[in-house]
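Notes for the structure review
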Amino acid sequence: ELLCRSQIEMETTIARLAPQFCIEKLLTRRVETLSGGEKQKVALAAIMIADPPMLILDEPDAYLDIKGKNAFEAALGRIRAKRPDLIEVRIAQDLDTMSRYERLILLKDGRIIADGAPSAILTDHVLRRNGGLVVDETDKPGNPQSVTVLFEHHQEMSALLAVENLSFAYDRNRRIINELSYNLRGGEILGVSGPTGSGKSTLGLLMCGLLTPTAGQI
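Keep in mind it's a predicted model, so treat the numbers as computed, not measured.

Quick notes on the rules
Every residue gets a number counted from 1 within its own chain, in the order that chain's sequence is written. Only residues with pLDDT of 70 or above have their local features reported here, since the model is predicted, and side-chain atom pairs are shown and tallied only from 80 upward, although totals for entire chains, interfaces and linings are computed over all residues. With hydrogens and water set aside, each side-chain value is computed from the structure's full complement of heavy atoms. Here a strand is any run of E in DSSP of at least two residues, a helix any run of H or I of at least four, and the numbering for each starts at the N terminus. Whether a residue is buried, partly exposed or exposed follows from its accessible area with a 1.4 Å probe, protein chains only, as a fraction of its type maximum: under 20%, in between, or over 50%, in that order. Here, two residues are considered to be in contact whenever any of their heavy atoms come within 4.5 Å of each other. Here, a salt bridge means any Lys or Arg side-chain nitrogen found within 4 Å of an Asp or Glu carboxyl oxygen. Polar contacts here mean pairs of N or O atoms no more than 3.5 Å apart (in protein, one a potential hydrogen donor and the other a potential acceptor; neighbouring residues in sequence count only if both atoms are side-chain atoms). What is meant by a nonpolar core is a set of buried Ala, Val, Leu, Ile, Met, Phe, Trp, Tyr and Cys residues, joined one to another through side-chain atoms within 4.5 Å. At least two bridges found by DSSP between two strands are what make those strands a pair. The crossover handedness rule: strands pointing away from the viewer, path from first strand over the helix to second strand clockwise, crossover right-handed.

Attention now moves to the overall build of the protein chain. From N to C terminus, the protein chain includes seven helices and nine strands. Taking all 218 residues of the protein chain together, the buried fraction comes to 28%. Within the protein chain, contacts between residues at least 6 apart in sequence are counted, and of these 49% link residues at least 24 apart.

In total, this model carries 10 salt bridges according to the counting rule given. The partner of Glu32 in a salt bridge is Arg30, with the nearest N and O atoms 2.6 Å apart. The exposure class of Glu32 is partly exposed, given its relative accessible area of 43%. Here Asp51 and Arg83 are joined by a salt bridge, their closest N and O atoms 2.5 Å apart. Of this pair, Asp51 sits in the loop between helix H2 (36-49) and strand E1 (54-58) while Arg83 sits in the loop between helix H3 (66-82) and strand E2 (87-91), and the two are 32 residues apart along the sequence. A relative accessible area of 18% places Arg83 in the buried class. Connected via shared salt-bridge partners are Glu73, Arg90, Asp96 and Arg100.

Time to look at the side chain of Ser167. Its location among the elements puts Ser167 in strand E6 (residues 159-171). The exposure class assigned to Ser167 is buried, which follows from its relative accessible area of 1%. From its side chain, Ser167 meets the backbone nitrogen of Glu179 in a polar contact 2.9 Å long. Here Ser167 is in contact with Arg175, Ile177, Asn178, Glu179, Pro213, Thr214 and Ala215, once residues within four sequence places are set aside.

Along the chain, the position of Ile14 falls in helix H1 (residues 7-17). Residues Ile14 and Leu27, 13 residues apart in the sequence, show an inter-C-alpha distance of 9.0 Å.

Turning our eyes to something else, we now look at the nonpolar core. The nonpolar side chains of soluble globular proteins are, as a tendency, buried together. Counting 17 residues, the largest nonpolar core has Phe21, Ile23, Leu44, Met48, Leu55, Leu76 and Ile79 as its most contacted members. Breaking this core down by element, the ones donating at least two residues are H2, E1 and H3. The element contributing the most residues to this core is H3, with four residues. Those residues in contact with Ile79 that lie beyond four places of it in its chain are Phe21, Met48 and Leu86. Core analysis: the second largest hydrophobic core is formed by eight residues, Met98, Leu122, Leu127 and Leu133 among them.

For the rest of this paragraph, the subject is the environment of Asn178. For Asn178, the location among the structural elements is in strand E7 (residues 174-185). Spatially, the C-alpha atom of Asn178 lies 9.7 Å from that of Gly216, the residues being 38 residues apart in sequence. Those residues within four positions of Asn178 in sequence are excluded, and the remaining contacts are Leu166 and Ser167. Here Arg175 takes part through its side chain, which lies 3.0 Å from a polar atom of the side chain of Asn178.

Right, let's talk about the pairing of E1 for a bit. Judged by which residues are buried, E1 turns out to be one-sided: Leu55 and Leu57 face inward and are buried, whereas Met54, Ile56 and Asp58, on the alternate face, are not. The pairing of E1 with E2 spans five bridges and is classified as parallel. Following the sheet pairing, Leu55 is matched in E2 by Glu88. For the crossover from E1 across H3 to E2, the handedness is right-handed.

Rendered as structure tokens:
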């Protein structure tokens, strides 16, 4: 609509682009009912409708699980194959993401300290340390001393938050949360994990009181 496209042109373009981003099933949903990962894919599809000469992506896979990240990268690959003249700028902190790009610009304190091929920059240990891309040896993945505690339970502490038979649905046909019950106690560290669209963010919004439960109580 903002590009002054006709109704039939809009519908044709959406029908063509939706399968590229695996969002066909989302077209009848309200945007506020989508998960963070689903919103990421819809946002990219919405940008590509305008056929831009440049894509600037700020950690676009931040809300995606592994399957979602792979699907997202595949969608970007298809875009690049069809648009070899497209400029793609990816703001990233993940080393694996950095290594896949042709050119890497490394910033520190508002200045460029490196600009070149990722293979050269990421193998320069002095440069990596100066740019904050190297952690201490004890923090390497897989070292037992560096593993963050995801869950600690303190039975002796009183419950600060009680969830009883909590259910939530954005619409009648799609229940996101289904009869959850648990207590959170003082001093507890709780990790919530699951694939994109499984209800993690929704659960957080419910606990903060930003959404009202469909059933049950907090």
